[in-house]
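Structural overview for review
The primary structure of each chain is shown beneath.
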Amino acid sequence: MKTCLVVDDSRVIRMVARRILEDMDFQVAEAGDGADALAFCRSTMPEAILLDWHMPVMGGPEFLRRLRLEPGGEAPRVIYCSGESQVERIREALESGADEFIMKPFDAEIVVGKFAAAGLA
Amino acid sequence: MTPKERDYVAGLCASLAGLNIETERGYMLESGLGVVARREGFGSIAELVRTVRDRGDERLVCEVVEALAPAQTAFFRDPDVFAALGAELEAASGRGAVRVWSAACGTGQEAYSLAMLLEERGIEGVELFASDLSRRAIEKARAGVYNQFEVQQGLSARRLVRHFANVEDDFRLDPEIRRQVKWRRLNLMDAAPGLGSFDMILCRHVLASLLGPARERVTACLVSALRPGGRLVLGVRETPPATCGLVSVPGAPGMFEIPAKVRAAA
């Protein structure tokens, strides 16, 4: 079973994402910010990461930059899940190493489609 | 809605557009007609139906039928189909000018997916036509502006940033892509659409919503608009009426053609 780490400072978003991802047969882990997420990845590198942009302590962009420098950190597919909807921001996310981008609010159909587009079908 | 009102509306949709409206699914009817009633300033669906029946106002009749026609669509719906279409169009464009028709295109996502595919693969010399029963759908398609939910249905983030720009809370497709598609309001039940002949016609997830005779009539109309060797593309789980002489193209999901020996005999 593949693991997806959900990184978001909102407990509600983590809960909604967990339900959708478990229905997609992912084992789900959660982190409330980039620093906790990085600590998790150092012990268990997940196959997929659903990543919020703005978070306290360490935001999505800083987490992603550091993740990609970790041993094995190139491997996880990273799907941003953010309230950002500016095309320039999405372009920036892709250029910094994200594989896909989900704009909040989202539903199961969108998550399934985006994970498939990121090669996680 | 009363059973009599439901039957009347279903009959209207059947006679004008061949639509198979399941009257037992009353909530579907009420949801579609409720939108029209509110937009047109009627106090109730009953008042709308009464006015349509008594006055027969053509515009209002069209609004009712169009509101009940299936409209679900998405960018790059069934990605495997688009991979096959890309390969087909690339091969066909090498042999000369290619004409493609997205029939019953809804709000345009299918036709624009093709236009994006052509741009990404550098395929030139392909003319894209798109038609739909609904004037409102064609207006929206022509504008090429989609909301956040629509651009997340089948469109990858890479395609979004390549082909779209923000416009207030929505996303507008690149004018160069928009210019690739010619739009027409068209009822597939009408005789000879007058668009000429095509190398490829897409009519996906439409036949299942039609009554049997309408399904045969529409398919025959589409087949008559195919050039020799042309392909008809249906939904991946759809099959054409047996009477139309179409056979599936091996390895290409939802794709059908008229065998050469059948064409020669016709």
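Residues numbered from 1 in each chain as written. Chains lettered and ligands numbered in written order. Predicted model: local features only at pLDDT ≥ 70, side-chain atom pairs only at ≥ 80, totals over all residues. Heavy atoms only, no water.

**Points about the packing of helix α5 (residues 79–93) of chain B against helix α6 (residues 109–121) of chain B**
The description of two packed helices rests on the angle between their axes and on the distance between the axes. All names here are of chain B. Here is the rule: Axes, fitted as lines to C-alpha atoms, cover a helix only where it is in contact. Angles between the N-to-C directions of the axes lie from 0 to 180 degrees. Counting from the N terminus, the helices are DSSP H or I runs at least four residues long and the strands are E runs at least two residues long. Angle categories: roughly parallel below 35 degrees, roughly antiparallel above 145, roughly perpendicular from 65 to 115, and oblique for all the rest. By definition, turning the near helix anticlockwise from the far helix through less than a right angle yields a left-handed crossing, and turning it clockwise yields a right-handed one. Between two residues, a contact is recorded if the distance between any of their heavy atoms is within 4.5 Å. Side-chain classes are defined by residue name, with Ala, Val, Leu, Ile, Met, Phe, Trp, Tyr, Cys and Pro counting as nonpolar, Asp, Glu, Lys and Arg as charged, and the others, Gly among them, as polar.
The geometry of α5 relative to α6 is characterised by a closest axis approach of 10 Å and an angle of 55° between their N-to-C directions. Accordingly, the angle class assigned to the pair α5 and α6 is oblique. In the packing of α5 onto α6, the handedness of the crossing is right-handed. Judged by residue contacts, F82, A83, L85, G86, A87, L89 and E90 of α5 engage E110, S113, L114, L117, L118 and R121 from α6. Here the contact of α5 with α6 is built from residues that sort into eight nonpolar, two polar and three charged.

**A few points about the pattern of salt bridges**
Once their charged atoms are close, side chains differing in charge can pair, the charge on each being opposite to the other. Quick note on the threshold: Whenever Lys or Arg places a side-chain nitrogen within 4 Å of a carboxyl oxygen from Asp or Glu, that contact is recorded as a salt bridge. Relative accessibility thresholds used throughout: buried, under 20% of the residue-type maximum; exposed, over 50%; partly exposed, between the two (1.4 Å probe, protein chains only).
Evaluated as defined, the whole model comprises 33 salt bridges over all chains. In this structure, R42 of chain A engages E70 of chain A in a salt bridge whose closest nitrogen and oxygen atoms are separated by 2.9 Å. In this pair, R42 of chain A sits in helix α2 (residues 34–43) while E70 of chain A sits in the loop between α3 (60–67) and β4 (77–82), placing the two residues 28 residues apart along the sequence. With relative accessibility at 54%, the residue R42 of chain A sits in the exposed group. For K140 of chain B, the salt bridge goes to E150 of chain B, with nearest N and O atoms at 3.1 Å. With K140 of chain B in helix α7 (residues 135–143) and E150 of chain B in helix α8 (residues 148–151), the pair connects residues that are 10 residues apart, well separated along the chain. Judged by its relative accessible area of 27%, K140 of chain B is partly exposed. E150 of chain B gets classed as buried once you look at its relative accessible area, which sits at 17%. One salt-bridge network, in which partners are shared between bridges, spans R39, E40, R59, E63 and R136 of chain B.

**Points about the pairing of strand β1 (residues 98–103) of chain B**
Residues and elements named next belong to chain B. We apply this condition: Note on pairing: two strands pair once DSSP finds at least 2 bridges between them. With the strands pointing away from the viewer, any crossover whose connection runs clockwise from the first strand over the helix to the second is right-handed.
Burial of β1 is extensive: six of the six residues sit out of reach of the surface. Burial along β1 is two-sided: the face carrying V98, V100 and S102 and the face carrying R99, W101 and A103 are both buried. Bridge count between β1 and strand β2 (residues 126–132): six bridges; the pairing is parallel. Residue pairing across strands places V100 opposite L128, the latter belonging to β2. Note that the unit made of β1, α6 and β2 has a crossover that is right-handed.

**Let's talk about unusual backbone geometry**
Across the junction of K104 of chain A and P105 of chain A, the peptide omega takes the value 0°, indicating a cis bond. If you trace the backbone, P105 of chain A turns up in the loop between β5 (100–103) and α5 (108–117). Although it is not a glycine, D78 of chain B adopts a positive phi angle of roughly 65°. Take D78 of chain B: it is sitting in the loop between α4 (58–68) and α5.

**A look at helix α4 (residues 87–95) of chain A**
Rules: This arc describes the spread of directions from the helix axis toward the C-beta atoms.
Taken residue by residue, α4 of chain A has V87, I90, A93 and L94 of chain A as its buried positions. Buried residues along α4 of chain A cover an arc of 115° about the axis, so they all sit on one side. Residues of α4 of chain A that are exposed and angled more than 90 degrees away from the buried face: E88 and E95 of chain A. Structurally, α4 of chain A contributes buried residues whose contacts are with β4 and β5 of chain A together with α9 (157–163), β4 (164–167) and β5 (170–173) of chain B.

**Brief notes about the environment of A87 of chain B**
Looking at the element boundaries, A87 of chain B is found in helix α5. Separated by 34 residues in sequence, A87 of chain B and R121 of chain B have C-alpha atoms that sit 9.5 Å apart.

**Things to note about the sheet that holds strand β3 (residues 48–51) of chain A**
Residues and elements named next belong to chain A. If you walk across this open sheet you meet the five strands as β2-β1-β3-β4-β5, and the pairing is parallel. Each having just a single partner strand, β2 (27–31) and β5 make up the two edges of the open sheet. Sheet twist, expressed as the mean angle between neighbouring strand axes with direction ignored, is 20°. The pairing of β4 with β5 spans four bridges and is classified as parallel. By the bridge assignment for β5, S82 is matched with M103.

**Section: the sheet that holds β5 of chain B**
Backbone-to-backbone hydrogen bonds pair the strands of a sheet. The strands run either parallel or antiparallel. Residues and elements named next belong to chain B. Across the sheet, which stays open at both edges, the three strands sit in the order β3-β5-β4 with antiparallel pairing between neighbours. Each of the sheet's edge strands pairs with one partner strand only, and the pair in question is β3 (145–146) and β4. In terms of strand pairing, β3 meets β5 through two bridges, oriented antiparallel. When the bridges of β5 are listed, Y146 appears paired with F171.

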